[in-house]
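# Breakdown of the fold
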Amino acid sequence: MTPLIAADHVCVRFGGAEVLHEVSLAVKPGEIVTILGPNGSGKSTLIRALLGLVPLAHGTVSRAEGLRLGYVPQKLAVDRSMPLTVRRFLSLPTRVSDAAAAAALARVGVEDIGQRQMAALSGGQFQRVLLARALLSEPQLLILDEPTQGLDQPGEAAFYQLIETVRHQTGAAVLMVSHDLHVVMAASDRVICLNGHVCCEGTPRVVSNAPEYRALFGLGTRGALALYQHEHDHAHDHDHGHGHDHAHPHHHEHSHAG
């Protein structure tokens, strides 16, 4: 299956510092992939590289021809002194019909807030409006950069459930960036651990037990994710068969000292 977007041995440097080293990944149609890593691990830089917003020192990024892409940024500052309704925001920068705007808000579960001011929304409502705006282009790939930052855990769980529902309803693939260790894992088909380079990747069940992952987040021998694993295992055992699940560590690039 041809990837929607792929990075091949991507390196990014800011000044003399290499922020990303030899990062390769691919997102296929319909899958949910999460890039997981601590603060400062290069997650947002990788997203910006995939979007073509930062120059590559080495490597390539390729996209499927005609790829329709929706982007939900990590933060969006709204001037609280400027009147801006949700409905008007959905028509920036491209005007959309009332019917399309209403359908997008309904899809993300906030159909009644079209006339509310953006500055008056709760954090969860604000993120849902950003997602609605990204869905207006009927994307084949949704890219979300830390979409639940600032939400409490129930808010996070509800948002990740919404992402799964959107994927089911629209068929869009999803590439998410997060530093959450808990809820995000259950919502993913595949997890890529990043710390300037790819430490390991695989299904959530396997990655949560991988030594590379545990070292990256300073976890002990017992996983913090056990509560969320059962929900995920059944679907993947049916999809991929029993006993064939394995992580893909990148041992030669590790540097976990310090």
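Residues numbered from 1 in each chain as written. Predicted model: local features only at pLDDT ≥ 70, side-chain atom pairs only at ≥ 80, totals over all residues. Heavy atoms only, no water.

As annotated in an unreviewed UniProt entry, the chain is Metal ABC transporter ATP-binding protein from Tabrizicola oligotrophica.

## Comments concerning the packing of helix 4 (residues 123-135) against helix 5 (residues 153-170)
Relative to each other, helix 4 and helix 5 sit at 15 degrees, their axes nearing to 11 Å. The orientation of helix 4 with respect to helix 5, classified from their angle, is roughly parallel. Taken as a pair, helix 4 and helix 5 cross one another with a handedness that is right-handed. Packed against helix 4, whose contacting residues are Q127, R128, L131 and L135, the element helix 5 presents A158, F159, L162, I163 and V166 at the interface. For the contact of helix 4 with helix 5, a count of residues per class yields seven nonpolar, one polar and one charged. (Axes fitted to C-alpha atoms, helices over the stretch in contact; angles between N-to-C directions. Helix = DSSP H or I, 4+ residues; strand = E, 2+ residues; numbered from the N terminus. Parallel < 35°, antiparallel > 145°, perpendicular 65-115°, else oblique. Left-handed = near helix turned anticlockwise from the far one by under 90°. Contact = heavy atoms within 4.5 Å. Nonpolar A, V, L, I, M, F, W, Y, C, P; charged D, E, K, R; others polar.)

## Quick notes on the environment of A64
Along the polypeptide, A64 turns up in the loop between strand 4 (58-63) and strand 5 (69-72). Here A64 falls in the partly exposed class, since its relative accessible area comes to 25%. Residues A64 and Q140, spaced 76 residues apart in sequence, show a C-alpha to C-alpha distance of 10.0 Å. When neighbours within four sequence positions are excluded, A64 is seen to be in contact with P3 and L4. (Buried < 20%, exposed > 50% of the residue type's maximum accessible area, 1.4 Å probe, protein only.)

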